[in-house]
2 protein chains.
Amino acid sequence: MDDRAPVRQPSLSSQIVDILVDKIRKGKFPPDCPLPPENQLASEYDVSRTTIRGAFDRLEAMGLITRRQGVGTFVRRTSNISNPLNKFVDFYCLIRDNGFEPGYRQISARLIVPPDEIRQDLQLEKDQLVLEIHKVFLADNTPIIYCTNWLPEWVFQDFFSPEEILLPGVIEPNFTEFFEIKCRQPLKYFISDVRSDVLKNCPIPENILEMEPLTPVLIINEIGFNEQDRPVIQSIEYHPGNRMKFQLIRLG
Amino acid sequence: MDDRAPVRQPSLSSQIVDILVDKIRKGKFPPDCPLPPENQLASEYDVSRTTIRGAFDRLEAMGLITRRQGVGTFVRRTSNISNPLNKFVDFYCLIRDNGFEPGYRQISARLIVPPDEIRQDLQLEKDQLVLEIHKVFLADNTPIIYCTNWLPEWVFQDFFSPEEILLPGVIEPNFTEFFEIKCRQPLKYFISDVRSDVLKNCPIPENILEMEPLTPVLIINEIGFNEQDRPVIQSIEYHPGNRMKFQLIRLG
DNA sequence: TAGTGGTCTAGACCACCAC
DNA sequence: TGGTGGTCTAGACCACTAC
């Protein structure tokens, strides 16, 4: 089997997005600053205005810019904070991007027959196994996320032996890369639901987090899908004590 | 002053969105069903393929459809549930759309000098007043949302007297309509942050909700902006007991 | 190979805003 | 009035999937 992944040129629109994100993050376009007009950017990068507008659409959805008809396109004042709930990001990167020293500990990993609910969510047949992983992420050596993943065996069995897959460091710390590159199953989207609870009601081993049993916890339960809309992972994330800010742009 | 609002034809793209949402909701295109190809829809509705694709972009962001290159566009299996966190919806409609009998009670309303934090969030000068409203939404006569709003006086003072604005039924139950039609300040987007806590830590009068002090609460704190990106409302919503499902699509 | 969605273009016209 | 973003078109080519 040829192991080379096909190298594909990102779309012009994506390249424009990357360029502009970079310029905004580096302060070349500070908050409240008007971006150059669409037509100017189009000729500057030698693409059509449609392509620029496509890039702007995505920057707007990311919350980086806002557009005013007849006036211009502006960098949003709040653009630098943001831990966007509407986008999926590796926790490891997330923690680092928020200015903390990221850490990762795998609590356990095993191949199991899944509980019925997980089996249904992952659309599996009765005899299919899943990998269950419990793990913790740290920020400056303090645990801030407890997380359980379930991965169907079919996702990884062509690329990893049952022993290999159990090792820490195989899936994390680059979760999305594990799926995209190592398993050839890029994650297309997650369907998540968000709820609230207290720590003592969460199935987390007591000695892991060392927090008050009544600490409030934000819980995100999500199913991730591949390009063919087949579920490839279920994940429950416990965020105790509101140490992270979850931000979100809601449109009318 | 002329009180007629300008009647504007919604864009072709929006009309296509409405048509398709309607057909999906009514089961004309059931879950997993392929939608007609883009070219076919384009000629069917006598618009360009670009226009159809614009509509599909929005349906995809709403989580109603998913697209597979080389295969087709499909109605998502989970399309009917959804209480989308990434979209702003009137609570009254939300409760009704989830199959409950909606109710609304205004606890209090008064014009005040805002606390510093609110004043800053709403970008107000020292001497400007805000309307502070406490309210509760009911589903089948049970309180399920406690909510506090702060509205700058400049938003409504041209359209309501200081006495009128305090009356219940002026702002709710159609929140978005109040802003868009009564105040000529359509809401463009909200910046929200989501966190978790327990009821006893929330500034909610005890006799209102009648729940355990340790009930987990999902808290959404958000600032709403008008078309000119000026903040026109701050709102804190307390959702106790996870009676509502908050769903979300997260993209890579 | 035929048909699908993904990207891109060049150009047009409109609505809105500031001057 | 000129410049901005918002919408739309007709057509082209590509990448991917199924057969």
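No experiment lies behind these values; they were computed from the predicted model shown.

**Remarks on the protein's contact with DNA strand C**
Inference 1: Neighbouring DNA strand C are 24 residues, the closest being Leu12(A), Ser48(A), Thr51(A), Arg49(B) and Arg53(B).
Inference 2: Here, DNA strand C places atoms within 4 Å of the protein, and 69% of those atoms are sugar or phosphate.
Inference 3: At 3.3 Å from a phosphate oxygen of DNA strand C is found a main-chain nitrogen or oxygen belonging to Ser13(A).
Inference 4: Here a phosphate oxygen of DNA strand C and a backbone polar atom of Ser48(A) are 2.7 Å apart.
Inference 5: Going through the elements one at a time, helix H1 (12–25) and helix H3 (49–61) of chain A together with helix H3 (49–61), strand S1 (65–68) and strand S2 (72–75) of chain B are the ones with two or more residues in the surface near DNA strand C.
Inference 6: The element best represented in the surface near DNA strand C is H3(A), accounting for three residues.

**A closer look at the interface of chain B and chain A**
Inference 1: Tallying the contact residues gives 42 residues for chain B and 42 residues for chain A.
Inference 2: When chain B packs against chain A, close to 3,900 Å² is buried across both sides, 47% of that on carbon and sulfur atoms.
Inference 3: Its largest share of buried area at the contact with chain A, chain B owes to Ser196(B), Leu248(B) and Arg250(B), together 19% of the area lost on that side.
Inference 4: If you look at where chain B meets chain A, you find four salt bridges.
Inference 5: For the salt bridge of Arg250(B) with Glu222(A), the shortest nitrogen-to-oxygen distance reads 3.1 Å.
Inference 6: Inspection of the region where chain B meets chain A yields 21 residue pairs in polar contact (both at pLDDT 80 or more).
Inference 7: Looking at the side of chain B that touches chain A, the elements with two or more residues in it are S1, strand S6 (187–198), strand S7 (216–226) and strand S9 (246–251) of chain B.
Inference 8: Residue composition of the side of chain B that touches chain A, grouped by class: 17 nonpolar, ten polar and 15 charged.
Inference 9: Two strands pair when backbone bridges link them, and strand S9 (residues 246–251) of chain A and S6(B) are joined in this way by six bridges, in the antiparallel orientation.

Conventions adopted
Residues numbered from 1 in each chain as written. Chains lettered and ligands numbered in written order. Predicted model: local features only at pLDDT ≥ 70, side-chain atom pairs only at ≥ 80, totals over all residues. Heavy atoms only, no water. Near = heavy atom within 4 Å. Polar contact = N/O pair within 3.5 Å; in protein donor to acceptor, adjacent residues only side chain to side chain. Helix = DSSP H or I, 4+ residues; strand = E, 2+ residues; numbered from the N terminus. Contact = heavy atoms within 4.5 Å. Buried area = accessible area lost by both parts, 1.4 Å probe. Salt bridge = Lys/Arg side-chain N within 4 Å of Asp/Glu carboxyl O. Nonpolar A, V, L, I, M, F, W, Y, C, P; charged D, E, K, R; others polar. Pairing = 2+ DSSP bridges.

The analysis is restricted to geometry; functional conclusions fall outside its scope.
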